[in-house]
Amino acid sequence: MTSPPALRFENLSKIFGRGKKLVTAVQRVNLEVTAGQVYGFLGPNGAGKSTTIRMILDLIRPTHGEVFVNGRSVQQTHAALQQVGGMVENATFYPFLSGRKNLEVLARTGNYYDAARIDNLLTQVRLADRADHLVKGYSTGMKQRLGLAAALLNDPALVILDEPTNGLDPAGIQEMRTFIRTLVETQGKTVFLSSHLLSEVEQMCDRVAIIHQGQLVREGAVRELLSEQAYLQIEAEPLARATAVLQPTWTITESNAHSLTLLASRSDVPAIVRQLVANDIAIYQIRLSHQSLESFFLEVTGNHSEEQHHA
Ligand SMILES: Nc1ncnc2c1ncn2[C@@H]1O[C@H](COP(=O)(O)OP(=O)(O)O)[C@@H](O)[C@H]1O
Ligand SMILES: [Mg+2]
């Protein structure tokens, strides 16, 4: 019997608000994360990453769908989260307690207090020398590292990290990456982390899912995605009908008055042509081109965010 995936989303959706102010933050995401890897959840700001992570950790309820950890539904049984540790965005600590005291409080609350383990974790995240200082005086990077220690308190098999390198300086980023790899490579854990930076995912992750406007637009091994990316530009009439026909199956990355562009590989072309012809759409031109994962990511997500201009 094969074991269930470490993490699985089934039709996971979250809609915020009501009436005219509905915000679809996450839309029917299906995903499987196999144990023993660093899995990247990549998307620009507002893509739905933190919302997804909150649903994994049962901090908010999905509107539809479910999260499974090792085959058990997080929404149906809290026991599913026993082997999970998480660090959410802007994790807050008691500012007037020390880093160590904060971890102690959390560990006691979760009923897994172990002084030696806390000591060990503080050393691992390089906070040993500042462990007894008040969190109030910690830098963003130190709080981020304390958050990581907090996520590891119960020695979880699955570690969920929301933008773990946010707020860290370049040396801190490097250190965090190395530490996360160690969790998987020498401690046998599975890490699921979010990021808005492609370069980061490239350097740290084995597999990646790209999320944009709440939808999964691409999933695969980082190495494979880096080598094959293709998109198809189609000039057709009427274009509105072509869009309607193709949208349910393909990810349309761009459209203008004459053409639309979608993600596809060469082997998809015949099926796309058949689909258009069957719907009585005239095709004037089809062009297939390859692009790097970087330009793909920028295109899909719109290269307007300042964080994407890296030095
Ligand atoms: N509590 C909330 N109420 C209403 N809208 C929300 C709430 N939380 C997040 N959103 C919206 O959901 C979308 C996804 O947000 P988020 O999951 O934080 O994205 P990311 O973490 O990828 O930057 C955004 O449009 C955001 O404004
Ligand atoms: Mg976020």
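Residues numbered from 1 in each chain as written. Chains lettered and ligands numbered in written order. Predicted model: local features only at pLDDT ≥ 70, side-chain atom pairs only at ≥ 80, totals over all residues.

*Asks:* Which residues make up the overall build of the protein, and what are the values?
*Replies:* When helices and strands are tallied, the protein shows 10 helices and 14 strands. On C-alpha atoms alone, the protein measures out to a radius of gyration of 22 Å, which is about the 19 Å that the 2.2 N^0.38 rule sets for 311 residues. Along the first, second and third principal axes, the C-alpha atoms of the protein reach 70 × 45 × 45 Å. Within the protein, buried positions represent 38% of all 311 residues. Across the protein, contacts joining residues at least 24 apart in sequence account for 66% of those joining residues at least 6 apart. (Helix = DSSP H or I, 4+ residues; strand = E, 2+ residues; numbered from the N terminus. Rg over C-alpha atoms; globule rule 2.2 N^0.38 Å. Buried ≥ 20, exposed ≤ 12 C-beta atoms within 10 Å, placed from the backbone. Contact = placed C-beta atoms within 7 Å.)

*Asks:* Please give an account of the site of ligand 1 that cites residues and values.
*Replies:* In the neighbourhood of ligand 1, the contacting residues comprise F16, G17, V23, A25, G43, N45, G46, A47, G48, K49, S50 and T51. Going through the elements one at a time, β2 (23-33) and α1 (49-56) are the ones with two or more residues in the shell around ligand 1. The element that contributes the greatest number of residues to the shell around ligand 1 is α1, accounting for 3 residues. Considering only residue class, the shell around ligand 1 consists of 4 nonpolar, 7 polar and 1 charged. (Near = placed C-beta within 6 Å. Nonpolar A, V, L, I, M, F, W, Y, C, P; charged D, E, K, R; others polar.)

*Asks:* I'd like a description of the nonpolar core, backed by residues and values.
*Replies:* One finds A149, V191 and F192 to be the most contacted residues of the largest nonpolar core, which totals 69 residues. Here this core takes 6 residues from helix α4 (residues 140-151), the largest share from any one element. The next biggest cluster of nonpolar side chains, apart from the first, holds 11 residues, and it includes Y231, L232, L260 and I272. (Core = buried A, V, L, I, M, F, W, Y, C linked by C-beta atoms within 7 Å.)

*Asks:* Lay out the packing of helix α8 (residues 239-246) against helix α9 (residues 269-278) with the relevant residues and their values.
*Replies:* Running from N to C, α8 and α9 cross one another at 125°; their axes reach a closest spacing of 10 Å. In terms of orientation, α8 lies oblique with respect to α9. Between α8 and α9 lies a crossing whose hand is right-handed. Between α8 and α9, the residues in contact are A242, V245 and L246 and I272, Q275 and L276, respectively. Here the residues of the contact of α8 with α9 are counted per class, giving 5 nonpolar, 1 polar and no charged. (Axes fitted to C-alpha atoms, helices over the stretch in contact; angles between N-to-C directions. Parallel < 35°, antiparallel > 145°, perpendicular 65-115°, else oblique. Left-handed = near helix turned anticlockwise from the far one by under 90°.)

*Asks:* Outline the sheet that holds strand β4 (residues 64-69), listing residues and values.
*Replies:* On the basis of which strands lie adjacent, the open sheet formed by 4 strands has the order β2-β1-β4-β5 and antiparallel pairing. Each edge of the sheet is formed by a strand with only one pairing partner; in this case those strands are β2 and β5 (72-73). Summarising the sheet, β4 and β5 pair through 2 bridges and their orientation is antiparallel. Directly across from F68, in β5, lies its bridge partner S73. (Pairing = 2+ DSSP bridges.)

*Asks:* Summarise the domain arrangement of the protein; cite the residues concerned and give the values.
*Replies:* By the assigned domains, the protein splits into domain 1 (7-224) and domain 2 (230-290). Computed over C-alpha atoms, the centres of domain 1 and domain 2 are 37 Å apart. (Domains from an automatic or database assignment.)

*Asks:* So what's going on with unusual backbone geometry? Residues and values would help.
*Replies:* Note the cis peptide between E237 and P238, where omega equals -10°. Checked against the element boundaries, P238 lands in the loop between β11 (230-237) and α8. Its identity is not glycine, yet R28 carries a phi of approximately 45°, on the positive side. Within the element layout of this structure, R28 appears in strand β2. Even without a glycine there, the phi angle at D58 is positive, about 60°. Tracing the sequence through the fold places D58 in the loop between α1 and β4. You can call D58 partly exposed: it has 17 C-beta atoms within 10 Å.

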